[in-house]
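Residue strings, one per chain:
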Amino acid sequence: MLPKKIQSALNKQISEEAYASNYYLSMASWCDREGLRGSAGFLYLHADQEKAHMMKLFHYVNEAGGHAIAPQIKEPPQEYKSVSNVFELTLKHEQTVTRLINELVELCLEEKDYSTFNFLQWYVAEQHEEERLFKSILDLIRIAGLEGRGLFLVDKEVGNIAGSLKKA
Ligand code: FEO
């Protein structure tokens, strides 16, 4: 049976993943409006992935005998300063999610819930990959710059990353 404390912490994480999905959807829409099709495609895909993270937690809670709560989602920002601002915010957000996942893992150890501890290892690995991915996009922006053809090249390359993630 899922300990009550763990159930409530997992429901909080469900809400965080739902917010992340909405946040990236808003960024995707902003990029789409600005004509940044590659970045928009990448962020639409990422919004879907966050929804999948949410659903994985959701099903786990119910399968473990708990009650998953469909979250209320607060509205994310809708305007961004630039594409570099968008990707700086994604990295910052992923770092926050990593901290939350680590806190959840610590709570599982305190509560001796080894089953949820084991389940969360997938999220630990996923956060490592996501931070790496967003750092690599910021590196790309730093190297190519956003002046002249830089913005075009960055957007094209981010679109290619989305294409390779879809195939994976
Ligand atoms: Fe679900 Fe991007 O962390």
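First things first, this report covers the structure right here in the doc. (Residues numbered from 1 in each chain as written. Predicted model: local features only at pLDDT ≥ 70, side-chain atom pairs only at ≥ 80, totals over all residues. Heavy atoms only, no water.)

**Comments concerning the side chain of His46**
Its location among the elements puts His46 in helix 2 (residues 37-63). His46 sits in the buried class, given a relative accessible area of 1%. (Helix = DSSP H or I, 4+ residues; strand = E, 2+ residues; numbered from the N terminus. Buried < 20%, exposed > 50% of the residue type's maximum accessible area, 1.4 Å probe, protein only.)

**Topic: the packing of helix 4 (residues 114-144) against helix 5 (residues 150-167)**
Helix-helix packing is described using two parameters, namely the angle between the two axes and the distance between the axes. The N-to-C vectors of helix 4 and helix 5 enclose an angle of 155°; their axes lie 9 Å apart at closest approach. With respect to helix 5, the element helix 4 is oriented roughly antiparallel. Helix-helix and strand crossings are classified by hand; for helix 4 and helix 5 the assignment is right-handed. Here Leu133, Ile137, Leu140, Ile141 and Ala144 of helix 4 come into contact with helix 5, specifically with Gly150, Val154, Glu157, Val158, Ile161 and Leu165. The residue inventory of the contact of helix 4 with helix 5, partitioned by class, reads nine nonpolar, one polar and one charged. (Axes fitted to C-alpha atoms, helices over the stretch in contact; angles between N-to-C directions. Parallel < 35°, antiparallel > 145°, perpendicular 65-115°, else oblique. Left-handed = near helix turned anticlockwise from the far one by under 90°. Contact = heavy atoms within 4.5 Å. Nonpolar A, V, L, I, M, F, W, Y, C, P; charged D, E, K, R; others polar.)

**Things to note about the nonpolar core**
One finds Met27, Phe42, Leu43, Val86, Phe87 and Ile137 to be the most contacted residues of the largest nonpolar core, which totals 27 residues. Mapped by element, the contributors of at least two residues to this core are helix 1 (4-33), helix 2, helix 3 (83-110), helix 4 and helix 5. For this core, the leading source of residues is helix 1, giving seven residues. With near-sequence residues (within four places) excluded, Val86 lies in contact with Met27, Trp30, Leu43 and Tyr80. Membership of the second largest hydrophobic core comes to 21 residues, among which are Val61, Val97, Val105 and Leu120. (Core = buried A, V, L, I, M, F, W, Y, C linked by side-chain atoms within 4.5 Å.)

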